[in-house]
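Geometric and topological summary
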Amino acid sequence: MRRPAVGLVLVALLATLLSVPAPAVATRTHEVSYDRYSLSVDGERVLLWSGEFHYFRLPSQRLWRDVLEKIRAAGFTGVSLYVNWGYHSPAPGEYDFTGVRDVDALLDLTEELGLYAVVRPGPYINAEVSGGGFPAWLKQVPGRARSSDPGYTRAYREWLARINPIIARHQVTRGGSVIAYNVENEYAANTDATYMRDLYDTARAAGIDVPITHNQCCDASWTPTWASGPGAVDIPGVDDYPQSFECQTPDVWGPWGPGLTERLSDHAPVYAAEYQAGAIDLNRAGYDRCRELTGPAYLRYFTKSNLIASGATMFGFYMAFGGTNWGWLGQPNDVYTSYDYGAAITESRQLTDKYAEFKRQGYFVRAVEPLTRTDPVAAPASDNPAVGTLARANPDTGTQFVLVRHSDPASTTDDVSTLDWSTPDGRYRVPVRVDGRDAKILVAGYDLGGQRLVWSSSEIMTHERIAGRDVAVLHGRAGESGSTVLRYATRPSVRVLAGDVRTSWHDGDLRLDYTHSGLARVLVSGGGRPPLTLLVGTEQTSAEFWRLDTEAGPVLVRGTALARDARVSGQTLHLRADTAEPGEVEVFAPARRLVVGGEPVRVRSTASGSLSGRLAGPDPVDLPRLTGWRHRAGSPETAPDFDDSAWTVADHTTSTSPVPPVTLPVLFAGDYGFDHGHVWYRGHFTATGTETAVNLNAITGKNGVYQVWLDGRYLGRAAGGTQADSDAPVNPAPGPGTFPLTGLRAGQPAVLSVLVENLGHNDDWTAEDMRFKQPRGLVGAALAGSDAALTWRIQGADRHATDPVRGPLNTGGLYGERAGWHLPGGGGPGWGAPRDPGPGVSWYRTTFRLDLPRDQDVPVALRFTGTGPYRAQLYLNGWNLGRYTADLGPQHDFVLPAGPLREHGPNTLAIAVVALDESTWDAPELAVLANHRIVPPPIGRLPK
Ligand code: IPT
């Protein structure tokens, strides 16, 4: 498979060496085509094995590189990238693509790293982000969203006019990384073909000339599939989440079906557009449970079954890295701050056992090219009905791929069988074993480099031609026996360097029999073929290998926690690798010397043809304890004499929202331009003395609350209304709360202060405005027992004055947020000794210094342990990095990503505690989540 950007990588590397900027645009262009089997680039078939990554969930360009390097190191050939309209657009006509919103820089990075990109700019993306990626202001645009209504059309064309040119200039066809462009998202309910057609045409008109795709929900029963007819795309894909999102029961097996991607078109490859690789934590079980639900066994069984059953050659694994719903990015109903997703790479960028499984599979699909073009063929018969087989073959090479797994998907027994296998090189009896929910893809009739693999009951991880030798890594489950048969013209000489391997020779077949254990090493030479180093490992030992491209050809690295990059110059291999502890490193490379991080490593040459040396681990690190907290009361808006004269008067009598107000005037926060976070209301009236209560309604999103004060006295709180849909358009009387009013005298001026949480905007999954355009804030307010006139003023985060660095979703309308108390400069007078919080808002601030070792990567979290009736909004150097819901859980650790976190210098923490009642102040502490020695980028700094 050709990497489109190798040329560019070289240019970039040279440029870095010479300390001149790399040219922005690569000169080499490529042709992208496709047929019913696969995508091709310049006529060479490509297996697109991509992992989903959301740049908007990681506010740090530097860490984008870290995560994308980790994705690449797992063998992914691409990334799937949603682009989030609302993240870039605070108000109509206002767009920002700078800093953490720089999509150009993101695509430059994919290009530099040689990763293909499937870009998915919506306009609707779902993705558990606020509004499903729609900007909040779209709620005030008349006309149904996700339809061809003129109001919506004008709005989304504005977005596409901004984003399409960025995507277009990064296409593979122009020397960049973008290999496909996805329109809309699971567009299967209330569809409108005119709209779909326009998305397609608008992309083409903007110069998008790579294939246009769509990700259909679930299976072909959801229509239209956009495979044909008006609005059809080039490559229709399918989303599949066979394990569901019930993380609290991680042992279930495929409750949402077998996970076999359907073919939607005869003219396009089978595309598993979103294939489940983690889960949202709907029931707050914690992401470790989600990682179990979608763990290595799931990935083995479902992904391998799907590969062979469906013949898919395009994949988007959702998610490779989930990230963080920082600020008010998250959708209110299904997620909390962490969007870790139980993914292969954790929110704090750590590699898991799922990562190892992805690596085994990713290296395989990438190395074994005949997989890009296969048809179903008859599978070898199994003599044990408990063990089932399914097969595909490449019609050009004859190479066969046989899936072996239990016939009953849920079976957990340990079974053996003998396959009667007619391979391209003859008929064989092949013993296999399936222990539990395992699945294997066995290969026969394969030109493995210069070798001929007749068959193997071990799986192929990868193979490379290195310094004139074929080096192959096979693997099997520890303790299971395996056999590999290779064909030679004459009997080759075999040297077993490690492991208990028995060899036999019969009629051109060299047969190796062994038990998978540790790492067996066999050298084969002669026999009319190039020399072969055969490495046969277990799941554990195979996962120790890393495969890297260099300008001198591929290299293999065994050991280290992560091998990111390599370069060969002369006889020296320069390696960029991470270590978690001191240990061995072994490299198979056309080199005699090894340099890691600029430091020569003492190596010895091994009999395997490799170099072996030792690398140091990281030094231990200590983080400072957080001390010196200061406090400031944060809800002056409750005081009767608070000056609200500059606030917006709520005087609208109509709204574009399809959800009607309970009372007039309209109090919907968005209708007055306040879209994210908390909103304050002050309702003034002259008491008649007969008031008995105020009846309020507010909509906050799930688990949201609103709080009410009368003349500074706390009256209490109520739960806010949640998602509306067409069945219950307004959730009969949304978020009702009755607050008794006592002690008011006739003629007395009185003021109600109401603080309403806004947890984000509903998605638009079913393309019905009732749900997405459900308002936020107060939706009804009436005095009981009195006809006094209530006049309201409203204050929140102004959509026209959003933070230029941190973006439109960073802050809401708390007093301290409006006054900048969350910012590094927001200290000053007015702050005093810490006090326990009472109902309303209390701010806490402190500073701390870090000086982490520059050659170590130490992800840091802020750890909350307090319990009580409060929610705490945490700001690091002004960045709103999450919301600790002490009353709900489950998240206690909040990742502080480097970037917002200064690893070398002073940091400011500010915490806005919104307490529902009297509570206690439990100060959080810093926590180390991992520690690796790294080679700081870029690799170009390494000596030549
Ligand atoms: C699929 C969406 O396409 C994606 O945006 C995200 O929301 C994902 O689900 C869940 O995390 S929808 C599919 C579950 C039907």
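Residues numbered from 1 in each chain as written. Predicted model: local features only at pLDDT ≥ 70, side-chain atom pairs only at ≥ 80, totals over all residues. Heavy atoms only, no water.

**Concerning the overall build of the protein**
Test applied: Think of it this way: any DSSP run of H or I at least four residues long counts as a helix, any run of E at least two long counts as a strand, and we number them from the N terminus. The globule rule used for comparison is 2.2 Å times the number of residues to the exponent 0.38, while the radius of gyration itself is calculated over C-alpha atoms. Residue burial is assigned from relative accessible area. The probe radius is 1.4 Å, only protein chains are included, and a residue is buried under 20% of its type maximum, exposed over 50%, and partly exposed in between. Residues count as neighbours in contact if any of their non-hydrogen atoms are within 4.5 Å of one another. Only the protein chains shown count as cover for residues, with accessible areas throughout obtained via the Shrake-Rupley method and a probe of 1.4 Å.
On a plain count of helices and strands, the protein comes out with 12 helices and 55 strands. Here the C-alpha atoms of the protein give a radius of gyration of 30 Å, agreeing with the 30 Å that 2.2 N^0.38 yields for 944 residues. Along the first, second and third principal axes, the C-alpha atoms of the protein reach 110 × 60 × 55 Å. When each of the 944 residues of the protein is scored for burial, the buried share is 65%. In the protein, of all internal contacts separated by at least 6 residues, the share reaching a separation of at least 24 is 72%. Accessible surface, the protein: about 31,100 Å² in total, of which carbon and sulfur atoms supply 51%.

**What to know about the state of the cysteines**
Note the cut-off: When two cysteine sulfur atoms lie within 2.5 Å, the pair is treated as a disulfide.
According to the stated counting rule, one finds one disulfide in the structure shown. The disulfide bridge from Cys 247 ends at Cys 290, spanning 2.1 Å between sulfur atoms. Measuring handedness by torsion sign, the sulfur bridge of Cys 247 and Cys 290 sits at about 105° and is right-handed. Remark: Cys 290 occurs in helix α7 (residues 287–293) and Cys 247 occurs in the loop between β9 (235–240) and β10 (271–276); sequence separation between them is 43 residues. A residue is classified by how much of its surface remains accessible, and Cys 247, at 0% relative accessible area, is buried. Using a relative accessible area of 0% as the deciding quantity, one classes Cys 290 as buried.

**Description of the domain arrangement of the protein**
It is common to give the size of an interface as the accessible area that goes away when the parts come together. Our working definition: An automatic or database domain assignment is the source of the domain bounds shown. Buried area: the accessible surface (1.4 Å probe) lost by two parts on joining, summed over both. Whenever Lys or Arg places a side-chain nitrogen within 4 Å of a carboxyl oxygen from Asp or Glu, that contact is recorded as a salt bridge. Counted as a polar contact is a pair of N or O atoms within 3.5 Å, where, for protein atoms, one must be capable of donating a hydrogen and the other of accepting one, and residues adjacent in sequence contribute only when both atoms are in side chains.
For the protein, the assigned domains are domain 1 (8–351), domain 2 (370–615), domain 3 (635–795) and domain 4 (814–933). In this complex, domain 3 contributes 18 residues to the contact, which on the side of domain 4 involves 13 residues. In total, domain 3 and domain 4 occlude about 1,300 Å² of area from one another, counting both sides; carbon and sulfur atoms represent 55% of this. The residue Glu 637 makes a salt bridge to Arg 818 at a minimum N-O spacing of 3.2 Å. At the surface where domain 3 touches domain 4, the tally comes to 10 residue pairs in polar contact (both at pLDDT 80 or more). Among the elements that line the side of domain 3 that touches domain 4, the one with the most residues is strand β41 (residues 705–710), at three residues.

**Notes on the packing of helix α5 (residues 150–168) against helix α6 (residues 193–205)**
Using the following cut-off: The axes used here are C-alpha line fits, helices contributing only the stretch in contact, and every angle between their N-to-C directions lies in the interval 0 to 180 degrees. To sort the angles, those under 35 degrees are grouped as roughly parallel, those over 145 as roughly antiparallel, those from 65 to 115 as roughly perpendicular, and the leftovers as oblique. Each helix crossing is assigned a hand: it is left-handed if the near helix lies turned anticlockwise from the far helix by less than a right angle, otherwise right-handed if that turn is clockwise. Residues are grouped as follows: Ala, Val, Leu, Ile, Met, Phe, Trp, Tyr, Cys and Pro are nonpolar; Asp, Glu, Lys and Arg are charged; all remaining types, including Gly, are polar.
Direction vectors running N to C along α5 and α6 enclose 25°, while the axes themselves pass 11 Å from each other. The orientation of α5 relative to α6 falls into the category roughly parallel. Taken as a pair, α5 and α6 cross one another with a handedness that is right-handed. Judged by residue contacts, Tyr 152, Thr 153, Tyr 156, Arg 157, Leu 160 and Asn 164 of α5 engage Tyr 195, Asp 198, Leu 199, Thr 202 and Ala 203 from α6. Classifying every residue of the contact of α5 with α6 by side-chain character gives six nonpolar, three polar and two charged.

**Observations regarding α6**
Put simply, the rule is: A helix is expected to reach a length of 1.5 Å times the quantity of its residues less one.
Taking 1.5 Å of rise per residue, the 13 residues of α6 would be expected to cover 18 Å, and the 18 Å separating its terminal C-alpha atoms lies within 8% of that figure. Among the residues of α6, Tyr 195, Met 196, Asp 198, Leu 199, Tyr 200, Thr 202 and Ala 203 are the ones counted as buried. Summarising the contacts, the buried residues of α6 are in contact with α5, β7 (178–182) and β8 (212–217). Its side-chain oxygen placed 3.0 Å from the backbone nitrogen of Thr 194, Asp 192 serves as the N-cap of α6. Gly 207 sits one or two residues past α6 and shows a positive phi near 95°.

**With respect to empty space enclosed by the protein**
Short version of the rule: Definitions used for this entry: grid spacing 1 Å over protein atoms alone; cavity, a set of points where a 1.4 Å probe fits but cannot get out; pocket, an open set with protein on both sides within 12 Å along at least 5 of 7 lines; lining residue, one with an atom within 4 Å of a point. Grid points are joined across faces, edges and corners, and a volume is the space filled by probe spheres set on the points.
As enumerated under the stated definition, the model contains seven cavities of 30 Å³ or more in all. What the largest cavity holds in volume is close to 110 Å³. Looking at the largest cavity, it is lined by 19 residues, and the ones nearest its centre are Leu 63, Val 895, Leu 896, Pro 897 and Ala 898. Here the residues of the lining of the largest cavity are counted per class, giving 13 nonpolar, two polar and four charged.

**Focus on the sheet that holds strand β1 (residues 32–34)**
Definition in use: When DSSP locates at least two bridges between a pair of strands, those strands are taken to pair.
The sheet built from three strands is open, its strands ordered β1-β2-β3 with antiparallel pairing. Among the strands making up the open sheet, the edge pair consists of β1 and β3 (44–46). Pairs of neighbouring strands in the sheet enclose a mean axial angle of 40°, with direction left out of account. Sheet topology note: the strand β2 (residues 39–41)/β3 ladder contains three bridges and is antiparallel. Bridging from a neighbouring strand, Ser 40 pairs with Arg 45 of β3.

**A closer look at the site of the ligand**
Quick note on the threshold: Note on definitions. A residue lies near a molecule or strand when any single heavy atom of the residue is within 4 Å of it. A pocket or cavity is taken to hold a molecule when more than half of that molecule's atoms are within 2 Å of the pocket's grid points.
Taken together, 19 residues lie near the ligand, and Tyr 82, Asn 126, Glu 128, Glu 186 and Tyr 341 sit nearest. Between the ligand and the protein, one listed contact pairs an oxygen atom with a side-chain N or O atom of Asn 185 at 3.0 Å. Contacts to the ligand include Glu 274, whose side-chain N or O atom sits 2.9 Å from an oxygen atom. Coverage of the ligand by the protein chains reaches 93% of its 380 Å² of free accessible surface. Spatially, the ligand is embedded in the second largest pocket.

**Structural notes on the sheet that holds strand β15 (residues 400–406)**
Here we have eight strands laid out as an open sheet, ordered β12-β14-β15-β18-β19-β22-β25-β24, and antiparallel in their pairing. The open sheet has two edge strands, β12 (375–377) and β24 (501–506), and neither has a second partner. Each neighbouring strand pair of the sheet contributes to a mean axis angle of 25°, computed without reference to strand direction. Bridge analysis of β15 against strand β18 (residues 439–448) gives six bridges, and the strand direction is antiparallel. Each bridged residue has a counterpart across the sheet, and for Phe 401 the counterpart in β18 is Val 443.

**So, the layout of surface pockets**
Taken as a whole, the second largest pocket holds about 620 Å³ of empty space. Together, 31 residues line the second largest pocket, and Glu 186, Tyr 241, Phe 245, Trp 256 and Trp 765 are the ones closest to its centre. Of the residues that constitute the lining of the second largest pocket, the class distribution is 14 nonpolar, seven polar and 10 charged. Viewed by domain, the lining of the second largest pocket spans two of them, domain 1 (8–351) and domain 3 (635–795), each represented by three or more residues.

**Remarks on the side chain of Ser 610**
Position of Ser 610 relative to the elements: it lies in the loop between β35 (603–605) and β36 (611–615). A polar contact of 2.5 Å, which involves the side chain of Ser 610, links it to the side chain of Glu 586. Separated by 2.6 Å, the side chains of Ser 610 and Thr 606 make a polar contact. Look past the residues within four positions of Ser 610 in its chain and what remains in contact with it is Glu 586, Val 587, Phe 588, Arg 604 and Ser 605.

**Points about the nonpolar core**
Keep this limit in mind: Remark: nonpolar core denotes a set of buried residues (Ala, Val, Leu, Ile, Met, Phe, Trp, Tyr, Cys) joined through side-chain atoms within 4.5 Å.
In this structure, Phe 53, Trp 85, Leu 138, Ile 179 and Leu 575 are the most contacted members of the largest nonpolar core, which totals 207 residues. The element contributing the most residues to this core is α5, with nine residues. With sequence-adjacent residues up to four places away left out, Leu 138 is seen in contact with Trp 85, Ala 145, Tyr 152, Ala 155, Phe 772 and Lys 773. Membership of the second largest hydrophobic core comes to 35 residues, among which are Tyr 672, Phe 674, Ala 718 and Leu 752.

**Overview of the pattern of salt bridges**
Pairing between side chains of opposite charge can happen when their charged atoms approach one another. One pass over the structure, following the stated rule, counts 64 salt bridges. We note a salt bridge from Arg 146 to Glu 184, for which the minimum N-O separation is 2.7 Å. Of this pair, Arg 146 sits in the loop between β6 (116–120) and α5 while Glu 184 is found in the loop between β7 and α6, placing the two residues 38 residues apart along the sequence. Here the two residues Arg 146 and Glu 184 agree in accessibility, since each one is buried. Three or more residues are tied together by salt bridges with common partners; here these are Arg 65, Asp 66, Glu 69, Lys 70, Arg 72, Glu 112, Arg 349, Arg 564, Asp 565, Arg 576, Asp 578 and Asp 857.

**Let's talk about the pairing of strand β19 (residues 451–456)**
The element β19 is largely enclosed, with a buried count of six among its six residues. Across four bridges, β18 lies against β19 in antiparallel orientation. In the strand pairing of β19, Ala 444 is matched with Trp 455. The turn linking β18 back onto β19 is made up of two residues, and Gly 449 within it adopts a positive phi angle of 60°. Summarising the sheet, β19 and strand β22 (residues 481–487) pair through three bridges and their orientation is antiparallel. Within the sheet, the bridge partner assigned to Trp 455 lies in β22 and is Val 485.

**What to know about the packing of helix α4 (residues 103–113) against α5**
Where α4 meets α5, the closest approach of the two axes is 10 Å, and the angle between their N-to-C directions is 20°. When the axis of α4 is compared with that of α5, the two are roughly parallel. Read as a crossing pair, α4 and α5 show a hand that is right-handed. Here α4 contributes Val 103, Asp 104 and Leu 107 to the contact with α5, which in turn contributes Ile 163, Ile 166 and Ile 167. Among the residues making up the contact of α4 with α5, the classes are represented as five nonpolar, no polar and one charged.

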